[in-house]
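# Examining the three-dimensional arrangement
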Amino acid sequence: MSEILRFAPSILARLGEELVSHPDQGIVELVKNAYDADARLCQVTLSETTQHGGRVIVRDDGDGMTIQQIRDGWLVLGRSGKDPMERTRLGRLPVGEKGLGRLAALRLGQRVVLVTRPRDEPGAEYCMEIDWALFDNVPVVEDVPLEIEKRPTSEGYGTSITISNLVSPLRRMDTKRLARSLIPLADPFESDRSFSAELISDDFRDLEQLVTSGYFDEAHHRLRAELDPDARGSAVAMDHRGNIKWKADHRDLGRSGTYRSPRRCSNSGSSPSTFRHSRAGRQPWEKYGTGFRRLEGCIYITGV
Ligand SMILES: Nc1ncnc2c1ncn2[C@@H]1O[C@H](COP(=O)(O)OP(=O)(O)OP(=O)(O)O)[C@@H](O)[C@H]1O
Ligand SMILES: [Mg+2]
């Protein structure tokens, strides 16, 4: 006699809730999927999410999914066709690999609608609905049939996921965390390959702004270095509020050997890693100048 291993529906709730520490992180998982699908734009729309029963829509213009990809990918939990070492069509390294990320978001609401238009099948759209309540009355996950409808469309390729009837509201704090998490996913320099994420929220207009303009403003630290025409260098490290934490002038930077932060500007924060510098005498540009008027650069340190 042979048997198969089956899953009780409660495993879906467990996995969905335990995968992420906060509900907003589930939404971020959907945005990451849009990035992996080579989308250029991913819009997250929050409607009445400050109360129970709100709605979240995540829409992208990525490659979408064919029916085969829905069946063998989206509907199979724990399987991912992504290889973190293999670049996508647009040359991105995928951020997903476990095949579970979507579950964290899909469980945020009672109902989920997936609409996807595959790039490989222009003019076709697939639509599928999941009503989680149907899983409450069955012994195993496999007992709930899911219908996939195919219909014609004149829209371009991409995917949209609507999560409605939210189980718990997304308050300002959650929305702010969501906004902050979206910032480092976007490419700060626009190109035809770059990715951008947008937040649309009637309740928190200021947080919409944070996502669009925040990349540099929200950097945890920034290091600004300067080289004057005589090749005399200087550098300052600032925290996210613009307070100068460390400073180094030409003498500090030119000192040979290993040394710790040249000049700490406040007593808060930890020391940056040690600098190693060796100098073999005076360099010609120090004597004759560089030929440049002045060089300045800034490194932004941000977190994902
Ligand atoms: N927006 C999307 N566009 C195209 N395909 C998608 C999209 N979202 C999900 N998919 C497909 O569904 C699969 C499952 O997504 P899911 O986020 O659960 O897993 P993953 O991204 O592969 O890995 P991880 O759990 O690390 O995020 C993906 O591997 C991808 O094939
Ligand atoms: Mg993912």
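Residues numbered from 1 in each chain as written. Chains lettered and ligands numbered in written order. Predicted model: local features only at pLDDT ≥ 70, side-chain atom pairs only at ≥ 80, totals over all residues.

### Re the overall build of the chain
To keep things clear, this is the line we draw: The secondary structure listing takes helices from DSSP runs of H or I that are at least 4 residues long and strands from runs of E that are at least 2 residues long, numbered from the N terminus. To sort residues by burial, count the other C-beta atoms lying within 10 Å of each one's C-beta; a count of 20 or more means buried, 12 or fewer means exposed, and anything in between means partly exposed. C-beta atoms are built from the backbone.
For the chain, the helix and strand inventory stands at 8 helices and 14 strands. Out of the 304 residues in the chain, the part that is buried amounts to 26%.

### Focus on the site of ligand 1
Put simply, the rule reads: Defining nearness, a residue is near a molecule or strand when the C-beta atom obtained from its backbone falls within 6 Å of it. By the convention adopted, Pro, Cys, Tyr, Trp, Phe, Met, Ile, Leu, Val and Ala count as nonpolar, Lys, Arg, Asp and Glu as charged, and the other residues, Gly among them, as polar.
With respect to spatial proximity, 24 residues lie near ligand 1, and among them N33, A37, S80, G96 and G101 are the closest. For the shell around ligand 1, the secondary structure elements donating two or more residues are α2 (23-36), α3 (67-74) and α4 (101-106). With 4 residues, the single largest contributor to the shell around ligand 1 is α2. Class assignment of the residues belonging to the shell around ligand 1 gives a composition of 5 nonpolar, 11 polar and 8 charged.

### Description of the nonpolar core
Note the threshold: Structurally, a nonpolar core is described as a collection of buried Ala, Val, Leu, Ile, Met, Phe, Trp, Tyr and Cys residues joined by way of C-beta atoms within 7 Å. For every residue pair, C-beta atoms are placed from the backbone, and the pair is scored as a contact if these atoms sit within 7 Å.
Judged by nonpolar contacts, the single largest core of 37 residues is most densely connected at I27, V31, V44, V56, V58, I163 and L182. Counting residues per element, this core draws most heavily on α2, which supplies 6 residues. With residues near it in sequence (within four places) discarded, L182 still touches V31, A197, L199 and V211.

### Comments concerning the packing of α2 against helix α5 (residues 172-182)
Let me state the cut-off plainly: Angular values range over 0 to 180 degrees, each being the angle between N-to-C directions of two axes fitted as lines to C-alpha atoms, with helices fitted over their stretch in contact. Oblique is the label for any angle not under 35 degrees, not over 145, and not in the 65 to 115 range, which are roughly parallel, roughly antiparallel and roughly perpendicular in turn. Here a crossing is taken to be left-handed if its near helix is turned anticlockwise relative to the far helix by less than a right angle, and right-handed if that turn runs clockwise.
Following both chains from N to C, one finds α2 and α5 inclined at 30°, their axes separated by 9 Å at the closest point. In this view, α2 runs roughly parallel relative to α5, as classed from their interaxial angle. By crossing handedness, the relation of α2 to α5 is classed as right-handed. Residues P23, D24, Q25, I27, V28 and V31 of α2 pack against D174, R177, L178, S181 and L182 of α5. In the contact of α2 with α5, the residues fall into 6 nonpolar, 2 polar and 3 charged.

### Let's talk about α2
Just so we agree on the cut-off: Each residue after the first adds 1.5 Å to the expected span of a helix.
The end-to-end C-alpha distance of α2 is 21 Å, a good match for the 20 Å that 14 residues give at a rise of 1.5 Å each. Most of α2 sits out of view: 13 of its 14 residues are buried. In the segment just after α2, D38 is the residue with positive phi, at about 65°.

### Here's the deal with the pairing of strand β5 (residues 148-152)
Heads up, the rule is: For two strands to be treated as a pair, DSSP must find no fewer than two bridges joining them.
Little of β5 sits out of view: just 0 of its 5 residues are buried. In terms of strand pairing, strand β4 (residues 124-131) meets β5 through 5 bridges, oriented antiparallel. In the sheet register, Y126 faces β5, and the bridge partner there is K150.

### Quick word on the sheet that holds β5
Sheets are built from strands that pair by backbone hydrogen bonding, the pairs being arranged parallel or antiparallel. In spatial order, the strands read β5-β4-β3-β6-β2-β1-β7; together these 7 strands make up an open sheet with mixed pairing. Each end of this open sheet is capped by a strand with a single partner; those strands are β5 and β7 (196-201). Put simply, the sheet's adjacent strands are angled 15° from each other on average, direction ignored. Both strand β3 (residues 109-117) and strand β6 (residues 158-166) contribute to a ladder of 8 bridges, which runs antiparallel. Note that in β6 the partner of R111 across the bridge is S164. Of the strands in this sheet, β1 (41-47), β2 (55-60), β6 and β7 are in contact with α2, which crosses β2 at around 15°.

Remember, this is a structural readout, not a statement about activity or role.
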